[in-house]
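Residue-level structural notes
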Amino acid sequence: MTVAAIEARGLTKQYDNGRGCRDVTIQVGKGEAFGFLGPNGAGKSTFVKMLVGLITPTSGTANLLGEPIGTLASKRLIGYLPELYRYQEWLSGEEVVRLHAKLCGVDRSVARHRIPQLLEEVGIGRRGSDRVKHYSKGMQQRLGLACALVGDPPIVFLDEPSSALDPIGRREVRRILERLKAQGKTIFLNSHLLEDVEALCDRMALLNNGQILRHGQVSEVLQTRTRWRFKVGGFTPFLLSWLNDTTGLAITLAEGAAASAGAASGLSACWLEAELEDEEQVGWINSLIVQQGMTLYEVTSVRERLEEWFMNAVSGLEHRGERG
Amino acid sequence: MTTILVMTWKELLRKRVMLLTLMMTALFLLAFWFVADTLSLDIPEDPMSGDYLIEQFSRGSFILMLGFFFGSFVVAFLSIFSSFSVIAGEAEQGVMQALMPRPIPRSQWYLGRWLGYVSLGVLYALLLFSAILLVTDVHSNVPRDFGALMKSYLLFASTVPMLISVAMLGSGIFSALGNGVFMTMLYGAGWLGGMIDKVSGSLGLDELVLKPLNNITGIISLIMPSDSIQRRMLSELFSYDEMDGLVNFSSSFNLFSLDRIPSNSFLVYAAIYTVAAFVLGMLRFRRKDL
């Protein structure tokens, strides 16, 4: 039987103020990249902190590659970049990474070779000899990534790894994560940057108010929600109700200034939008539009972004927010 | 653990805590030199007379008491302020969140930090102890019994692990700022209790007043034994038991009176107090959510 990289069963942390997370059960396979999403204050960081041994669960169990969380054996398997952290300001960046290498038990000769390489890779380079107090927030985040990776761990927990980085830095971090994934590392990614999750992760879970709301394959989530847009010339509002009645589908005017301007005038082209299951339905709607004597200029598929999925998933739900 | 211990030394050196302490100590010793010089000006100049020897010992004792009065404060505050925010402060800043997921037992981290602070504190105490003795010796006379000197140094330095253990325990319970206030108040209470104990004898108070007062100061010294330990340190330094007939320690120096000297049982209590604070602090830290 294959041991999961991360396996949590009913993991719960209840704080006196009602915060924390409840009954979280997930399984992440070896070499998988897992995205953990949720609004602020949903309990994502609490869950990760339990997995890395910073806080003790109220109930439930979890294992990392078969080792119970909080044990030294499980800590040897992980690299962790916390969301809110600061390194010792009186050390240089290189000394911080060396300290973490020592605590991870990395051999001195290996560390001597690996540390400069890592500092280069995360974009710190020669500034590794500067004291951490002179680092910007982005530099500290890069340093955090180097510390998380210095022990060459099979599982990497990253809590908002690029929140303080500029677009170039974000791209570099994404490249590093892609490389880690290619090396077969298990990546657990807590991020508000949904494009990172979308680009990198195989599976994901959505946490709200401390509980898993949805989970599944990223590709499935995005595929089932494919929308199509039709640019129609000579559109009249009558066509919309006729199409809806005839097809039984929910076809709407696409949002956007150009689209609505066209619809209001009742003359020029406008965009219609519908969620469709397959391309056969697209062909059917095409024929219906042409059948009504209108011109079909363009048909495009609009693959739903994870951000929209996230917004849809949490909209209308009560969530406690950062300050509850 | 060695990594953490070295990190703690580096922290105290890089943050210039030790440098600042040493600079202020140099200033204190300079002032102390002049005070000691002034106090020894009118000692009768007949080295062969018994009065000369007694007077010189009395003056030397007074100068030493003065020096250690300040010295105990410095050692106590160095111990408290170097360690009061070690857990709460680092957790609030986020340093702990990056370090604690590493494969190192929390108990080893705690012990490493404790040893780091204690070793530097004890070394500093040795430096200060020697400097005070040296300055006094230049101007007057100091006891030269190595056994007595050793015992009194160990007692002088014993407040370092005691205060650091309590400060680290508090740091696992309170916020950094809260623990700073708590430790200052606690040490202050111990000092005040000792002071009341010293002066109450000379106020000529009725037994009805003295008894409850003694009870209160006794309880205070149980809560914070540091001041009582310092009194015992001075009594060991001056071999109080042997010299009491020759030198009147109580009437000469009210503030530094050595009337009530803590017993050996009290020293055992102080040792248990230190160990208990250390163990409780470690247990608390092992279970603490960061």
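Parameters at a glance
Residues numbered from 1 in each chain as written. Chains lettered and ligands numbered in written order. Predicted model: local features only at pLDDT ≥ 70, side-chain atom pairs only at ≥ 80, totals over all residues. Heavy atoms only, no water. Helix = DSSP H or I, 4+ residues; strand = E, 2+ residues; numbered from the N terminus. Buried < 20%, exposed > 50% of the residue type's maximum accessible area, 1.4 Å probe, protein only. Areas by Shrake-Rupley, 256 points an atom, 1.4 Å probe, with all protein chains shown as cover. pLDDT = per-residue confidence, 0-100. Contact = heavy atoms within 4.5 Å. Patch = residues over 30% accessible without salt bridge, like charges linked within 9 Å, V, L, I, M, F, W, Y side chains within 5 Å. Salt bridge = Lys/Arg side-chain N within 4 Å of Asp/Glu carboxyl O. Buried area = accessible area lost by both parts, 1.4 Å probe. 1 Å grid on protein atoms, 1.4 Å probe; cavity = no way out; pocket = protein on both sides within 12 Å on 5 of 7 lines; lining within 4 Å. Points joined across faces, edges and corners; volume = space filled by probe spheres on them. Nonpolar A, V, L, I, M, F, W, Y, C, P; charged D, E, K, R; others polar. Axes fitted to C-alpha atoms, helices over the stretch in contact; angles between N-to-C directions. Parallel < 35°, antiparallel > 145°, perpendicular 65-115°, else oblique. Left-handed = near helix turned anticlockwise from the far one by under 90°. Lys, Arg positive; Asp, Glu negative; His and termini not counted. Expected span 1.5 Å × (residues − 1).

1. Quick notes on the overall build of chain B
The helix and strand inventory of chain B stands at 13 helices and 0 strands. Listing each helix as α and each strand as β along chain B from the N terminus yields α-α-α-α-α-α-α-α-α-α-α-α-α. Counting every position in chain B, which comprises 290 residues, the buried fraction comes to 53%. Of the accessible surface of chain B, which amounts to about 13100 Å², a share of 69% is contributed by carbon and sulfur atoms.

2. A closer look at the confidence of the model for chain A
Chain-level statistics for chain A give a pLDDT mean of 84 and a share of 89% at 70 or above. Model confidence for chain A, summarised as mean pLDDT per element, is weakest for helix α10 (residues 257-265) of chain A at 50 and strongest for strand β5 (residues 67-68) of chain A at 96.

3. Regarding the environment of Leu 115 of chain B
All names here are of chain B. For Leu 115, the location among the structural elements is in helix α6 (residues 106-139). For Leu 115, a relative accessible area of 28% corresponds to the partly exposed category. Here the alpha-carbon distance between Leu 115 and Thr 2, two residues 113 residues apart in the chain, equals 9.4 Å. Non-local contacts of Leu 115, meaning those with residues more than four positions away in its chain, are made with Met 1 and Leu 5.

4. A few points about a nonpolar patch on the surface
Residue and element names in this part refer to chain B. Taken together, the side chains of Leu 20, Met 24, Leu 27, Leu 30, Trp 33, Phe 34 and Val 138 make up a nonpolar region of the molecular surface, amounting to roughly 740 Å² of accessible area. Ranked by the residues each element gives to the nonpolar patch, the list is headed by helix α2 (residues 17-39), at 6 residues. The residue Phe 34 is located in helix α2 in this model.

5. Here's the deal with the interface of chain B and chain A
Opposite the 25 residues of chain B that make contact, chain A presents 32 residues. Taken together, both faces of the contact between chain B and chain A bury some 2500 Å²; the carbon and sulfur share is 60%. When the buried surface of chain B facing chain A is broken down by residue, Arg 14, Arg 102 and Pro 103 of chain B rank first, second and third, together holding 29% of it. Our enumeration of links across chain B and chain A arrives at 3 salt bridges. Notably, a salt bridge pairs Lys 13 of chain A with Asp 289 of chain B, separated by 2.6 Å at the nearest N-O pair. Those elements that place two or more of their residues in the side of chain B that touches chain A are α1 (2-14) and α5 (95-99) of chain B. At 6 residues, α1 of chain B tops the list of elements feeding residues into the side of chain B that touches chain A.

6. Things to note about the pattern of salt bridges
Should the charged atoms of two oppositely charged side chains come close, the side chains can pair. Residues and elements named next belong to chain A. Enumeration over the complete set of coordinates arrives at 20 salt bridges over all chains. Here Glu 121 makes a salt bridge to Arg 179, at a shortest N to O gap of 1.8 Å. Taken together, the positions of Glu 121 in helix α4 (residues 108-121) and Arg 179 in helix α6 (residues 167-182) put the pair 58 residues apart, joining distant regions of the chain. Take Arg 179: its relative accessible area is 32%, and that puts it in the partly exposed class. In this structure, Asp 152 and Lys 185 form a salt bridge, with 2.5 Å as the shortest nitrogen-oxygen distance. With a gap of 33 residues between them, Asp 152 in the loop between α5 (137-149) and β7 (155-159) and Lys 185 in the loop between α6 and β8 (186-190) connect regions that are remote in the sequence. Under the relative-accessibility criterion, Lys 185 is labelled buried at 10%.

7. A look at empty space enclosed by the protein
It is the rolling of a water-molecule-sized probe over the atoms that shows where space remains empty. All names here are of chain B. In the structure shown here, the tally under the stated rule is 3 cavities of 30 Å³ or more. Around the second largest cavity, the lining residues are Leu 12, Met 18, Leu 78, Ser 82, Tyr 117, Leu 120 and Gly 121. Those elements giving two or more residues to the lining of the second largest cavity turn out to be α3 (50-83) and α6. Ranked by the residues each element gives to the lining of the second largest cavity, the list is headed by α6, at 3 residues. Along the lines of polarity and charge, the residues of the lining of the second largest cavity split into 5 nonpolar, 2 polar and no charged.

8. Description of the packing of helix α9 (residues 237-247) of chain A against helix α11 (residues 279-291) of chain A
If you want to describe how two helices pack, look at the angle between their axes and the distance between the axes. All names here are of chain A. For the pair α9 and α11, interaxial distance at closest approach is 11 Å and the crossing angle is 135°. It follows from the interaxial angle that α9 and α11 lie oblique. In the packing of α9 onto α11, the handedness of the crossing is right-handed. Along the contact surface, α9 presents Trp 242, Leu 243, Thr 246 and Thr 247, while α11 presents Trp 284, Ile 285, Leu 288 and Ile 289. Here the residues of the contact of α9 with α11 sort into 6 nonpolar, 2 polar and no charged.

9. Considerations on the side chain of Lys 44 of chain A
Residues and elements named next belong to chain A. As for its placement among the helices and strands, Lys 44 is situated in helix α1 (residues 44-51). As a buried residue without a salt bridge, Lys 44 has its nearest oppositely charged side chain in Glu 160, at a separation of 5.1 Å. Not counting residues up to four positions away in its chain, the partners in contact with Lys 44 are Phe 36, Leu 37, Gly 38, Pro 39, Asn 190, His 192 and Leu 207.

10. Quick look at α4 of chain A
Residue and element names in this part refer to chain A. Look at α4: 20 Å from first C-alpha to last across 14 residues, which is about the 20 Å you get at 1.5 Å a residue. What α4 keeps buried is the set Ala 111, Ile 115, Leu 118 and Leu 119. As for α4, its buried residues are in contact with α3 (93-104) and α5. A positive phi of about 90° marks Gly 123, the residue just after α4.

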